[in-house]
Amino acid sequence: MLDYSHNAWLVAASLAVSLMAGFTGLYLTHGASQLDSQRRKLVVALAAVILGGGIWSMHFVAMLGLQLPILFYYDALITLISALVAILMVGLALLLLHFRPRTPQIMIGSGVIVGLGIVVMHYIGMAGMQLCRPVYNALDVVLATLASVILSVAAIWVAYGNRTQRNILLGTVCFGLAVFTMHFVATGLTDFVASDSAGGAGPALDNQVLAMGVTVSVFLICGAFLLTGISFIEPKETPAPERPAEPAALRAGVPFEREGQTFFAEPNRIAAIRAEGHYSVLYLDAEKLFCPWSITEAESRLEPDGFLRAHRSYLVNPKHVSSFERHKDNGTCYFDGVDALTKVPVSRSRLTDIREALGL
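What you see is a predicted model, and the numbers here were worked out from it, not measured in a lab.

About the cut-offs
- Residues numbered from 1 in each chain as written.
- Predicted model: local features only at pLDDT ≥ 70, side-chain atom pairs only at ≥ 80, totals over all residues.
- Heavy atoms only, no water.
- Pairing = 2+ DSSP bridges.
- Helix = DSSP H or I, 4+ residues; strand = E, 2+ residues; numbered from the N terminus.
- Axes fitted to C-alpha atoms, helices over the stretch in contact; angles between N-to-C directions.
- Expected span 1.5 Å × (residues − 1).
- Buried < 20%, exposed > 50% of the residue type's maximum accessible area, 1.4 Å probe, protein only.
- Contact = heavy atoms within 4.5 Å.
- Polar contact = N/O pair within 3.5 Å; in protein donor to acceptor, adjacent residues only side chain to side chain.
- Patch = residues over 30% accessible without salt bridge, like charges linked within 9 Å, V, L, I, M, F, W, Y side chains within 5 Å.
- Areas by Shrake-Rupley, 256 points an atom, 1.4 Å probe, with all protein chains shown as cover.
- Salt bridge = Lys/Arg side-chain N within 4 Å of Asp/Glu carboxyl O.

**Quick notes on the sheet that holds strand 16 (residues 331-334)**
Pairing in this open sheet of three strands is antiparallel, and the strands run 15-16-17 from one edge to the other. This sheet does not close on itself; its edge strands, each paired only once, are strand 15 (323-326) and strand 17 (343-346). The average undirected angle you get between the axes of adjacent strands in this sheet is 20°. Relative to strand 16, strand 15 runs antiparallel, the two being bridged by four bridges. The residue of strand 16 that forms the bridge with S323 is Y334.

**Considering helix 5 (residues 138-161)**
For helix 5, spanning 24 residues, the distance from its first C-alpha to its last is 33 Å, which sits close to the expected 34 Å at 1.5 Å a residue. All of the buried residues along helix 5 are D140, A144, T145, A147, S148, V149, S152, V153, A155, I156, A159 and Y160. Where helix 5 is buried, its residues contact helix 1 (8-28), helix 3 (76-99), helix 4 (104-127) and helix 6 (165-188). Of the residues that open helix 5, the one with a side-chain oxygen 3.1 Å from the backbone nitrogen of L139 is N137.

**A short note on unusual backbone geometry**
A positive phi is found at L131, a non-glycine position, where the angle reads about 70°. With respect to the secondary-structure elements, L131 resides in the loop between strand 4 (129-130) and strand 5 (132-135). One non-glycine residue, D285, adopts positive backbone phi at about 55°. Examined against the element boundaries, D285 turns out to sit in the loop between strand 11 (279-284) and strand 12 (287-291).

**So, the sheet that holds strand 4**
Spatial strand order, 4-3-7: three strands in an open sheet with antiparallel pairing. Edge positions in the open sheet fall to strand 4 and strand 7 (204-205), since each of these has one partner strand only. In terms of strand pairing, strand 3 (residues 73-75) meets strand 4 through two bridges, oriented antiparallel. Looking at strand 4, one finds that Y73 is bridged to Q130. Taken strand by strand, helix 3 contacts strand 3 and strand 7, and its axis lies near 70° from that of strand 3.

**Focus on a nonpolar patch on the surface**
Together, L139, V142, L143, L146 and I150 line one region of the surface with nonpolar side chains, adding up to about 470 Å² of accessible area. Mapped onto the elements of the fold, V142 is located in helix 5.

**A closer look at the pattern of salt bridges**
Tallied over the entire structure, the rule returns five salt bridges. The shortest N-O distance in the salt bridge between E276 and R274 comes to 2.6 Å. Take E276: its relative accessible area is 39%, and that puts it in the partly exposed class. The exposure class of R274 is partly exposed, given its relative accessible area of 22%. In this structure, E299 engages R309 in a salt bridge whose closest nitrogen and oxygen atoms are separated by 2.8 Å.

**Quick notes on the environment of E299**
Examined against the element boundaries, E299 turns out to sit in helix 8 (residues 295-302). Its relative accessible area of 27% is what places E299 among the partly exposed residues. In the structure, E299 is positioned 50 residues away from S349 in sequence and 16 Å away in space, judged by C-alpha atoms. Within the structure, the side chain of E299 is placed 2.8 Å from the side chain of R309, a separation counted as a polar contact.

Right, here's the structure in full:
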């Protein structure tokens, strides 16, 4: 068995790398669920590269600080595979968090996936060592896995339980500690022995070449951290609110015609309004009522009452929406308590406003 030690400066640097990557990846996805599907996929992919790359970078910054009495190097192919595994497993966890309802089961499952990704990346990275072989047993792997999974679940639970800046900071600490603690728990339980065979699958990477690659990766993470941090600490601008021209107050309600007479309906009783040429149709309980207003005039007058344009032909009153279904790029509002109307389509351009009004 070989005696080994760690360079204290590189140990500290490895913790800093894991914290920066954790903050950047977790804050980058802040608000991603309100984006359309394509932009959300892009944000999730970038966050996966940063978080997974941060796990890999932290590992190899710490390994550069590993001091052994013999020279050793790494297999380039195995080293690359370890980075890809970390990125793919973190990406899977983020896809679950941003494309599925965030139930407790989803958040715990995502934390377990991230924790396992850290462990798998670590041991694949260690397997790439040449002329020096790590020695460990199943119990060592179990202990390292428990440390990683528990802290990763805590990181996801805190950061995604409530998407506030405070929670993201706490989640960053948990993520950084998960990567850092797992690495040094696993390394502390590992022995190293010299090996004469060098059966690598790819070209050799000595510490100098590896250091250059890790430096580039850390540089990119630092740059992303600085850009994200500026957005995090930037004061929220509160411009003086403009006073838009207020629509004329409804004195009698929304007009509709029945049997040659004009009546007025209270806005809060109306579930939706549909365009009908230069006029419109009101959906009120079991009735469809002719309204002399155009859909544009109805939108202007009923905005203070909470009505929103869900489609170019429909205004909806969110108070009457019983359920909402999101499709790929649009959605559908359902009205179970309105006999005259079952559902209203939500166009892609109106999806964000409707979801916000429904508290989604």
